[in-house]
Amino acid sequence: MASEKDKIMENIISLAKRRGFIFQGSEIYGGLAGTWDYGPLGVGLKKNIRDLWWKTFVDDSDDMYGIDAAVLMNSKVWEATGHVATFTDPLVEDVKTKKRYRADHLLEENGVNPNGMSLSQMDAEIKSHKLKSPDGNMLGDVRHFNMMFQTKVGATDDSSSVVYLRPETAQGMFVNFKNVIDSFHPKLPFGLAQIGKAFRNEITPGNFIFRLRELEQMEIEYFIREEEWAGQFNSWLGRIKEFLVKIIGLSADHLSEYEHSDEERSFYSKKTVDILFDYPFGAKELYGLAYRTDYDLKKHGEYSSVPLEYFDEKEGKRFSPHVIEPAVGVDRIVLAVLCDAYREDQMGDEKRAYLKLSPKVAPIKAAIFPLLKNKPELVNKARDVYKLLKSDFHSSVMFDDNGNIGKRYRRQDEIGTPFCITIDFETLSDDTVTLRDRDSGKQERIKISELTVLLKKSL
Ligand code: GAP
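Everything numeric here is computed off the predicted structure, so don't read it as measured data. (Residues numbered from 1 in each chain as written. Predicted model: local features only at pLDDT ≥ 70, side-chain atom pairs only at ≥ 80, totals over all residues. Heavy atoms only, no water.)

**Student:** What is the right way to read the overall build of the protein from this model?
**Tutor:** When helices and strands are counted, the protein shows 15 helices and 24 strands. The principal-axis extents of the C-alpha atoms in the protein amount to approximately 75 × 65 × 50 Å. Looking at the protein as a whole, 51% of its 459 residues qualify as buried. Of all intrachain contacts in the protein linking residues separated by at least 6 positions in sequence, the fraction that spans at least 24 positions is 66%. Accessible surface computed for the protein: about 22200 Å², of which carbon and sulfur atoms make up 50%. Of the charged side chains in the protein, 65 are positive and 73 negative, and the gap between their average positions amounts to 4 Å. (Helix = DSSP H or I, 4+ residues; strand = E, 2+ residues; numbered from the N terminus. Buried < 20%, exposed > 50% of the residue type's maximum accessible area, 1.4 Å probe, protein only. Contact = heavy atoms within 4.5 Å. Areas by Shrake-Rupley, 256 points an atom, 1.4 Å probe, with all protein chains shown as cover. Lys, Arg positive; Asp, Glu negative; His and termini not counted. Charge placed at Lys NZ, Arg CZ, Asp CG, Glu CD.)

If you want it as structure tokens, here you go:
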């Protein structure tokens, strides 16, 4: 039987589809696992999240430089970083159906903690517990599965034409380190930031947009001196949490931290902390923070024969800076926002489902209604108010004259619109409108001339 939390997740996915936030990728052809398409409201929500991130960490900082690197990169990039050899997940196959599963996930689901286990240890555990596939069949041996998608460039079809779709945006920053140093001469500490698509051939994508094969990342490589790493790490941990709570509007109660043990950490990292969000399917990684040392710059320097170094004028020496890396998937923030905001309550005689989105992230900030659709004087006045607000708020305001007022309120509540503005007969005589608050349903009268300032204040 579906649990209460499964039901909530189903309701969120259904709302997201019904109201044009997120659709299954290639749906009319039966979909493609691990891909989802954003509809008009999803685009608005995602853009707001991206814009807020960029404003917070790039535009409002003096020490941050934005880049936008190509998805396709020279294969040597991934040889240098170790991704070709080690960007793998432990895979186990159902010998009958040939369906593939994450060995660590199967162990976890069966009450065995796989953290820190080697491939052969996982294999031994599966065999000693006589674990079966979810379809009840025998499982094969656990083996490595490289998660990078391969493709080929150019007209030749040999091994030299193999390239990978980037599995993280991070390397775009490392390979452009020297370009930014040479063109901008930044002083340490400074960071490179990028938002863009990344691709991972996840063995078991799922939980809606949580584990995707095509995802979007927002990453920063923050270059520092080795001796300051611990202080910088803590400062970034604070900045990330502040961003999630104060800017994105997630509830602090739904966030927790998880520090990777020595066995769990990637080999290049000296400290990794995940910020987890309480999704309905469990507390899972939302944001990652890693101290990557000078591993990447050194490796690229070695493989490319181009030293990736910083020249310290005071001390007169060159060195590869160390790196603190805050990394997050945009889609995971979108999902956290939807789960955090989803509410079911009773308003008057009616049950309603609504999204308690912060005005900052809400795709529609205000909806404008004429009280009655068949009164041209009300419709014209409402259109004037809509035009006025559109000049400041663009596509984040909406005009709606469909159905009765109650229905329009429900529709806007469902998509998380914080304010509804109704033009009625009183408006025609005194230029005031009713402003309704989504969460309480309370209404107040306010002058049209005050609307822009009031909406701006909420953002
Ligand atoms: N450059 C470091 C890096 O990529 P990661 O922990 O593998 O580290 C960073 O990924 C963030 O990207 C994660 O915290 C998560 O938010 C997001 N992410 C990773 N894999 C994902 C996937 N398959 N689907 C959606 N988001 C993903």
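**Student:** Can you help me understand a nonpolar patch on the surface in this one?
**Tutor:** Taken together, the side chains of Leu371, Leu372, Phe425 and Leu428 define a hydrophobic patch exposed on the protein surface, amounting to about 310 Å² of accessible area. Relative to the helices and strands, Leu428 is located in helix H14 (residues 425–430). (Patch = residues over 30% accessible without salt bridge, like charges linked within 9 Å, V, L, I, M, F, W, Y side chains within 5 Å. Salt bridge = Lys/Arg side-chain N within 4 Å of Asp/Glu carboxyl O.)

**Student:** Which parts of the structure should I look at to understand the sheet that holds strand E22 (residues 419–423)?
**Tutor:** Strands pair in a sheet through their backbones, by hydrogen bonds, and they do so in one of two ways: parallel or antiparallel. What the 5 strands build is an open sheet, ordered E21-E20-E22-E23-E24; its pairing is mixed. Each edge of the open sheet carries a strand with a single partner, namely strand E21 (397–399) and strand E24 (443–447). Each strand axis lies, on average, 25° off the axis of its neighbour in the sheet, ignoring direction. (Pairing = 2+ DSSP bridges. Axes fitted to C-alpha atoms, helices over the stretch in contact; angles between N-to-C directions.)

**Student:** Help me understand helix H1 (residues 4–18), please; the structure alone is not making it clear to me.
**Tutor:** The periodicity of an α-helix, 3.6 residues per turn, causes residues three or four positions apart to be oriented the same way. In this model, H1 (15 residues) spans 21 Å end to end at C-alpha, consistent with the 21 Å of a helix rising 1.5 Å per residue. Residues of H1 that are buried: Met9, Ile12, Leu15 and Ala16. On an axial view of H1, the arc spanned by its buried residues comes to 125°, and they lie on one face. Where H1 is buried, its residues meet strand E1 (22–24), helix H11 (330–341), strand E18 (342–347), strand E19 (350–355) and helix H13 (405–414). (Expected span 1.5 Å × (residues − 1). Arc of directions from axis to C-beta.)

**Student:** When you look at the packing of aromatic side chains in this model, what are you seeing that I'm missing?
**Tutor:** For any two aromatic rings, the description comes down to two numbers: the centre-to-centre distance and the angle of the planes. In the structure shown here, the tally under the stated rule is 22 aromatic pairs. Relative to Phe281, the ring of Phe210 has its centre 5.4 Å away and its plane inclined at 70°; by these criteria the two rings are edge-to-face. Of this pair, Phe210 sits in the loop between strand E10 (190–199) and strand E11 (214–224) while Phe281 is found in the loop between strand E13 (271–279) and strand E14 (282–293), placing the two residues 71 residues apart along the sequence. Taken together, the ring pairs in this structure connect Trp53, Trp54, Phe57, Tyr222, Trp236 and Phe243 into an aromatic cluster. Lying across the ring of Tyr354, Arg352 places its NZ or CZ 3.8 Å from the centre. (Phe/Tyr/Trp six-rings, centres within 6.5 Å; stacked < 30°, edge-to-face > 60°. Lys NZ or Arg CZ within 6 Å of the ring centre and 35° of its normal.)

**Student:** Honestly, the domain arrangement of the protein in this entry has me stumped. Any pointers?
**Tutor:** Accessible area lost during the coming together of the parts is what is often quoted as the interface size. If you check the domain split of the protein, you get domain 1 (4–74 + 168–338) and domain 2 (364–458). Relative placement of domain 1 and domain 2: their C-alpha centres are 37 Å apart. In this complex, domain 1 contributes 6 residues to the contact, which on the side of domain 2 involves 5 residues. Three residues stand out in domain 1 for area buried against domain 2, namely Leu15, Arg19 and Leu41, and they jointly supply 70% of the buried area on that side. The interface formed by domain 1 and domain 2 holds 2 salt bridges in total. (Domains from an automatic or database assignment. Buried area = accessible area lost by both parts, 1.4 Å probe.)

**Student:** What's the story with the layout of surface pockets in this structure? I'm lost.
**Tutor:** Sizing a probe to match a water molecule and rolling it over the atoms shows the empty space that remains. The volume enclosed by the second largest pocket comes to roughly 370 Å³. Asn48, Lys365, Phe393, Ser395 and Ser396 are, among the 17 residues lining the second largest pocket, the residues nearest its centre. If you list the elements that add at least two residues to the lining of the second largest pocket, you get helix H2 (40–59) and helix H12 (376–393). The biggest single contributor to the lining of the second largest pocket is H2, with 7 residues. Residues belonging to the lining of the second largest pocket are distributed by class as follows: 7 nonpolar, 5 polar and 5 charged. (1 Å grid on protein atoms, 1.4 Å probe; cavity = no way out; pocket = protein on both sides within 12 Å on 5 of 7 lines; lining within 4 Å. Points joined across faces, edges and corners; volume = space filled by probe spheres on them. Nonpolar A, V, L, I, M, F, W, Y, C, P; charged D, E, K, R; others polar.)

**Student:** Which parts of the structure should I look at to understand the site of the ligand?
**Tutor:** As a matter of local geometry, the ligand sits amid 20 residues, with Glu168, Glu202, Glu219, Glu285 and Leu286 nearest to it. Within the side chain of Arg292, one N or O atom sits 3.4 Å away from a nitrogen atom of the ligand. Against a free-state accessible area of 550 Å², the protein chains account for coverage of 89% of the ligand. Where the shell around the ligand is concerned, the elements lending two or more residues are E11, E14 and strand E17 (322–329). For the shell around the ligand, the element with the highest residue contribution is E14, accounting for 5 residues. (Near = heavy atom within 4 Å. Polar contact = N/O pair within 3.5 Å; in protein donor to acceptor, adjacent residues only side chain to side chain.)

**Student:** Would you mind showing me how to read the sheet that holds strand E6 (residues 100–102) here?
**Tutor:** Spatially, 3 strands are ordered E6-E5-E7 in an open sheet, and the strand pairing comes out antiparallel. The strands lining the two open edges of the sheet, one partner per strand, are E6 and strand E7 (143–146). Strand-to-strand, the axes of this sheet are offset by a mean angle of 55°, without reference to chain direction.

**Student:** Even after reading the chapter, I still don't get the environment of Leu215, so can you show me in this structure?
**Tutor:** Examined against the element boundaries, Leu215 turns out to sit in strand E11. On the accessibility criterion, Leu215 (14% relative accessible area) is buried. As a C-alpha pair, Leu215 and Gly403 span 188 residues in sequence and 38 Å in three-dimensional space. Sequence-distant contacts of Leu215, defined by excluding residues within four places in its chain, comprise Gly196, Lys197, Ala198, Arg200 and Asp331.

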